[in-house]
Amino acid sequence: MDYPKTRRLMQRGTDFLGCETAILCGAMSWVSERNLVSAISNAGGFGVIACGAMTPELLDAEIAATKAMTHRPFGVNLITMHPQLFDLIEVCSRHGVGHVVLAGGIPPKGSVEAIKGGATSAKVICFAPTLALAKKLLRSGADALVIEGMEAGGHIGPVSTSVLAQEILPELAEEHLVFVAGGIGKGQAIAGYLEMGAAGVQLGTRFACATESIAHPDFKKAFFRASARDAVASVQVDARLPVIPVRALRNKGTEAFTAKQIEVAGMLDREEVVMGEAQLQIEHYWAGALRRAVIDGDVEGGSLMAGQSVGMVKEEEPVAQIVATLMAECEEALARR
Ligand SMILES: Cc1cc2nc3c(=O)[nH]c(=O)nc-3n(C[C@H](O)[C@H](O)[C@H](O)COP(=O)(O)O)c2cc1C
């Protein structure tokens, strides 16, 4: 199938990404590794490796392994607070990675320049949580933006996708490349955002349990059983300890996170840690908990990060089939307009 209307609306996105369909699979720590990333890119989408807390050596190996599985373009997602961010950028540059996604906050000074100024002058994609920050990021050199609503899985902001889209797309999408993420499970929603001016979309939850995903079978089963209301945002228990909320399926791990926050807040009280360290401990907690769920299949105590679109994930399907379904649904919706 050709999807002419969809392809026309995705044209700017596909030209920028160098792929056939402007559907990115957002980086998911532990999930977005060589197998899923190469499958997405081979299916015509745009895969993104989740670097997470990887060392430069591990990222180097992951990129090399992904390149061995696909000749198509893919990106790398780097977390801005990673202590070796500039070494990781260097690894991406050495491999000729064309697109680097910077997640986890405002890019530190020099990072955008380092990515664009490397041997391959890669493109920089940033997350924009508000219109003001979106404009600032574009002024600082971001080549494209992702706007991600609170329906998404993983770390989330406070605003919904539909509101962010209304606030940001009419202002910026004509002149700039904006990809919409959060809560997208069907092609009909993609059609809507493309018509509002988005250059493409980013999905995570819908791809997490694809056949090619290495996530543990029990992690996948939990997704297939869950409905939208099971994907809940974590709550902050102590006003002094600001934690970025995480959306995940409700389980014992959700309660354990509350206990972890109380423990870390106590350490702050006793001045055993400073704020930066306390927040880092919280982030390490999430990384460990997600690994336990994705890799070990600990669906009770681990973190089952998932967006509200989890209710639309019903069975294991190959990535190519998911992409084809999304494109067909989008095309059908556009054809009916
Ligand atoms: C299990 C899981 C892990 C994630 N890990 C990351 C991450 O490491 N870095 C990141 O930028 N986003 C991460 N995300 C967010 C995704 O990249 C993507 O933007 C999001 O899933 C899109 O919303 P959706 O889940 O509603 O499709 C994660 C999402 C999930 C579900």
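Residues numbered from 1 in each chain as written. Predicted model: local features only at pLDDT ≥ 70, side-chain atom pairs only at ≥ 80, totals over all residues.

1. Here we look at the pairing of strand 4 (residues 99–103)
- With five of its five residues buried, strand 4 lies for the most part within the structure.
- Bridge count between strand 3 (residues 75–79) and strand 4: five bridges; the pairing is parallel. If you follow N77 over to strand 4, its bridge partner there is V101.
- The β-α-β motif built from strand 3, the intervening helix 4 (residues 85–95) and the parallel element strand 4 has right-handed crossover chirality.
- Alignment of strand 4 against strand 5 (residues 123–127), held across four bridges, turns out to be parallel. (Buried ≥ 20, exposed ≤ 12 C-beta atoms within 10 Å, placed from the backbone. Helix = DSSP H or I, 4+ residues; strand = E, 2+ residues; numbered from the N terminus. Pairing = 2+ DSSP bridges. Right-handed = clockwise from strand over helix to strand, strands pointing away.)

2. Let's talk about the sheet that holds strand 10 (residues 231–233)
- The antiparallel open sheet is built from three strands, whose spatial order is 7-11-10. Of all the strands in the sheet, the pair left with one neighbour each is strand 7 (154–155) and strand 10.
- Relative to strand 11 (residues 246–249), strand 7 runs antiparallel, the two sharing two bridges. For H155, the partnering residue across the bridge sits in strand 11 and is V246.

3. Concerning the site of the ligand
- In the vicinity of the ligand there are 28 residues, among which G26, G153, G154, G204 and G307 approach most closely.
- Mapped onto the shell around the ligand, the elements with two or more residues apiece are strand 9 (200–203) and helix 9 (205–208).
- It is helix 9 that contributes the most residues to the shell around the ligand, three residues altogether.
- When the residues that make up the shell around the ligand are grouped by side-chain class, the tally is 12 nonpolar, 13 polar and three charged. (Near = placed C-beta within 6 Å. Nonpolar A, V, L, I, M, F, W, Y, C, P; charged D, E, K, R; others polar.)

4. Brief notes about helix 10 (residues 217–225)
- Within helix 10 the residues assigned to the buried category are F219, K220, A222 and F223. For helix 10, the angular spread of buried residues about the axis comes to 155°, placing them on one side. Along helix 10, the residues that are exposed and aim more than 90 degrees away from the buried face are P217 and F224. (Arc of directions from axis to C-beta.)

5. Points about the domain arrangement of the protein chain
- Domain assignment breaks the protein chain into domain 1 (4–215 + 312–336) and domain 2 (227–305).
- Distance between the C-alpha centres of domain 1 and domain 2: 25 Å. (Domains from an automatic or database assignment.)

6. Things to note about unusual backbone geometry
- For Y3, which is not glycine, the phi torsion reads 50° and is therefore positive.
- Among the structural elements, Y3 can be located in the segment before helix 1 (4–17).
- In this structure Y3 comes out as buried when scored by C-beta crowding, with 21 C-beta atoms within 10 Å.
- Even without being glycine, E271 reaches a positive phi, approximately 55°.
- Within the secondary structure, E271 is located in the loop between helix 11 (252–269) and helix 12 (275–294).
- Residue classification places E271 among the exposed residues on the basis of 7 C-beta atoms within 10 Å.

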